[in-house]
Amino acid sequence: MTNLIKTWAAAGPGKPFERFSYDPGPLKADEVEIHVEYCGLCHSDLSMWENAWGVSVYPLVPGHEVVGRIVARGGEVRGLNEGDRVGLGWFARSCMHCAQCLAGDYHLCAAAQATIVGRHGGFAERVRCHFAWAIPVPEALPASSSGPLFCGGITVFSPLMELGVRPVDRVGVVGIGGLGHLALQYLHAWGCDVTAFTSRAGKASDLQSLGAHRVVASTDERALTELAGSLDLLLVTTSAALDWSRFMTTLAPRGHLHFVGAVLEPLNIGAFSLISGQKSISGSPLGRISTLRHMLEFTARHKVEPIVEHFPMSRVNDAFNHLRSGKARYRIVLDPDFA
């Protein structure tokens, strides 16, 4: 019986995805192998495909929002069995013995291995990871739309716990797309007063249905002035370069400007905008394994739902073009069809 894993891979930056098979070798004792049922397409996959971050290795098999069933487990795996439905996100392995791992910050491990950096990801029949990063999916969550929770969901949920966001807080979400539409739902369920900042004013009714109490155009100077000193947190989910010094004026004393979107340009913020009001700027990558589990429980309890569009995996090139054009509403999920 062949051990080859069928995938869709790009041979170079921006090259079309084509069928590609590889031999994963023997399963490590601390690994599980997951049969991929669904795999989300994230903007990070697009960045890796284009080598925007300079870390891509080709042939590249993206895919780090996997939902599937465990079909094999190593001898050192604990707490998981064949047949269990699990999710796999950005990280596939961490060292488990450094100071960060021992403190529960596995996602901050210096030796952590991303699922699609130097590894083959979930645009495939099967994918492997360390068993600790295979997170059980609650039965109450639909498998077909849960993949985006393992990257987009945890990315916007983690700051609520890390920053101690309170139900009485007033929070703004900058950028309402794949990340932002989930942030609105989580913050609304958390009990916050929620302001959505968007470049597309036509989305107002949709954003209010997702939990926004008000919708503001990102470039509306008058609206930003009216919000001066009112927000406890600005959660930035966009990768666009905006006038961040202007957004800083909307923060209340001790307010946070927190980045989860990969804004590549330097931030145009002066020190006095921080000193006055004792404000702060921060950022976070995904979240702890324990936070992932809390996020899934919260998602099921409050019926938070990623809004997804499905493509068969054989149309992965069409799906990437759809994402790159900005037409995705709001996440894309690929359905493997290798037969």
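Residues numbered from 1 in each chain as written. Predicted model: local features only at pLDDT ≥ 70, side-chain atom pairs only at ≥ 80, totals over all residues. Heavy atoms only, no water.

Engineer: Is there a simple way to think about the overall build of the protein in this case?
Structural biologist: For the protein, the count of helices and strands is eleven helices and 17 strands. A compact globule built from 339 residues should have a C-alpha radius of gyration of about 20 Å, and the protein, at 20 Å, falls within 12% of that. By its C-alpha atoms, the protein is 65 × 40 × 35 Å across when sized along the principal axes. Buried residues in the protein amount to 52% of all 339 residues. The contacts of the protein with a sequence gap of at least 6 include a subset with a gap of at least 24, amounting to 67%. For the protein, the exposed surface amounts to about 14,300 Å²; the carbon and sulfur share of it is 52%. (Helix = DSSP H or I, 4+ residues; strand = E, 2+ residues; numbered from the N terminus. Rg over C-alpha atoms; globule rule 2.2 N^0.38 Å. Buried < 20%, exposed > 50% of the residue type's maximum accessible area, 1.4 Å probe, protein only. Contact = heavy atoms within 4.5 Å. Areas by Shrake-Rupley, 256 points an atom, 1.4 Å probe, with all protein chains shown as cover.)

Engineer: Sorry, what's going on with the environment of leucine 251 here?
Structural biologist: Locating leucine 251 in the fold gives a position in strand β14 (residues 251–259). The sequence separation of leucine 251 and arginine 170 amounts to 81 residues, and the corresponding C-alpha distance is 9.5 Å. Leaving out residues up to four positions away in the same chain, leucine 251 has contacts with Gly229, Ser230, Leu231, Asp232, Leu233, Leu234, His256, Leu257 and Lys279.

Engineer: How do you make sense of the pattern of salt bridges when you look at a structure like this?
Structural biologist: Pairing between side chains of opposite charge can happen when their charged atoms approach one another. As enumerated under the stated definition, the model contains 15 salt bridges in all. Arginine 93 is the salt-bridge partner of glutamate 31, the closest N and O atoms lying 3.6 Å from each other. Separated by 62 residues along the polypeptide, glutamate 31 in strand β3 (residues 31–41) and arginine 93 in strand β6 (residues 91–93) bring together distant segments of the chain. Neither residue differs from the other here; glutamate 31 and arginine 93 are each classed as buried. A salt bridge links aspartate 105 to arginine 288, with the nearest nitrogen and oxygen atoms 2.7 Å apart. Here arginine 288 lies in the loop between β15 (280–283) and α10 (289–302) and aspartate 105 lies in the loop between α2 (99–102) and β7 (113–114), a separation of 183 residues in the sequence. (Salt bridge = Lys/Arg side-chain N within 4 Å of Asp/Glu carboxyl O.)

Engineer: Where do I start with the nonpolar core in this structure?
Structural biologist: Considering soluble globular proteins, one finds that nonpolar side chains tend to be buried as a cluster. Of all hydrophobic cores here, the largest spans 82 residues; its most connected members are Phe123, Leu184 and Tyr186. If one sorts the elements of this core by residue count, helix α5 (residues 180–190) sits on top with six residues. If you look at the next biggest cluster of nonpolar residues, it comprises 17 residues, including Val174, Leu227, Val236 and Val263. (Core = buried A, V, L, I, M, F, W, Y, C linked by side-chain atoms within 4.5 Å.)

Engineer: Can you help me understand the packing of helix α4 (residues 152–162) against α5 in this one?
Structural biologist: Any two packed helices are characterised by the angle at which their axes cross and by the distance between the axes. Across the interface, α4 lies against α5 with an axial gap of 9 Å and an inter-helix angle of 35°. For the pair α4 and α5, the sense of crossing is right-handed. Residues Gly152, Gly153, Val156, Phe157, Leu160 and Met161 of α4 pack against Leu182, Ala183, Tyr186, Leu187 and Trp190 of α5. Classifying every residue of the contact of α4 with α5 gives nine nonpolar, two polar and no charged. (Axes fitted to C-alpha atoms, helices over the stretch in contact; angles between N-to-C directions. Left-handed = near helix turned anticlockwise from the far one by under 90°. Nonpolar A, V, L, I, M, F, W, Y, C, P; charged D, E, K, R; others polar.)

Engineer: Where do I start with the packing of α4 against α10 in this structure?
Structural biologist: Contact geometry for α4 and α10: axes closest at 10 Å, N-to-C directions at 100°. If you check the angle between α4 and α10, you find them roughly perpendicular. On the side of α4, the interface is formed by Gly153, Ile154, Phe157, Ser158 and Met161, while α10 contributes Thr291, Leu292, His294, Met295 and Phe298. Residues that form the contact of α4 with α10 fall into these classes: six nonpolar, four polar and no charged. (Parallel < 35°, antiparallel > 145°, perpendicular 65-115°, else oblique.)

Engineer: Looking at this structure, I do not really get the sheet that holds strand β12 (residues 214–217). What am I missing?
Structural biologist: Pairing between sheet strands relies on hydrogen bonds along the backbone, with the strands arranged either parallel or antiparallel. Reading across from one edge, β12-β11-β10-β13-β14-β15 is the order of the six strands in this open sheet, with parallel pairing throughout. Each edge of the sheet is formed by a strand with only one pairing partner; in this case those strands are β12 and β15. Strand-to-strand twist of the sheet, defined as the mean angle between neighbouring strand axes without regard to direction, takes the value 20°. As judged from the four bridges shared by strand β11 (residues 193–198) and β12, these two strands associate in the parallel manner. Across the sheet, threonine 195 pairs through a bridge with arginine 214, a residue of β12. Each of β10 (170–174), β11 and β13 (231–236) touches α5; the most contacted strand, β10, lies at about 170° to it. (Pairing = 2+ DSSP bridges.)

Engineer: Sorry, what's going on with α10 here?
Structural biologist: In an α-helix, one turn spans 3.6 residues; hence positions three or four apart end up facing the same way. For α10, spanning 14 residues, the distance from its first C-alpha to its last is 20 Å, which sits close to the expected 20 Å at 1.5 Å a residue. Residues Ile289, Thr291, Leu292, Met295, Leu296, Phe298 and Thr299 constitute the buried set of α10. Check the buried side of α10 and you find it contacts β9 (135–136), α4 and α5. Two residues or fewer after α10 comes lysine 303, characterised by a positive phi angle close to 55°. (Expected span 1.5 Å × (residues − 1).)

Engineer: When you look at the pairing of β13 in this model, what are you seeing that I'm missing?
Structural biologist: Side chains on a regular strand alternate between the two faces of the sheet. Within β13, five of the six residues are buried, leaving the element largely enclosed by the surrounding structure. Two strands pair when backbone bridges link them, and β10 and β13 are joined in this way by four bridges, in the parallel orientation. Across the sheet, residue valine 173 finds its bridge partner in β13, namely leucine 235. Note that β13 and β14 share five bridges and pair parallel. Bridge assignment links leucine 235 to a residue of β14, and that residue is histidine 258.

Engineer: Looking at this model, I keep getting lost on the side chain of histidine 64. Mind explaining?
Structural biologist: In this structure, histidine 64 sits in the loop between α1 (43–49) and β4 (66–73). A polar side-chain atom of histidine 64 sits 3.0 Å from a polar atom in the side chain of aspartate 45. Histidine 64 has contacts with Cys39, Cys42, Ser44, Asp45, Leu88, Gly89, Trp90, Thr115, Ile116 and Cys151, leaving out every residue within four places of it along the chain. (Polar contact = N/O pair within 3.5 Å; in protein donor to acceptor, adjacent residues only side chain to side chain.)

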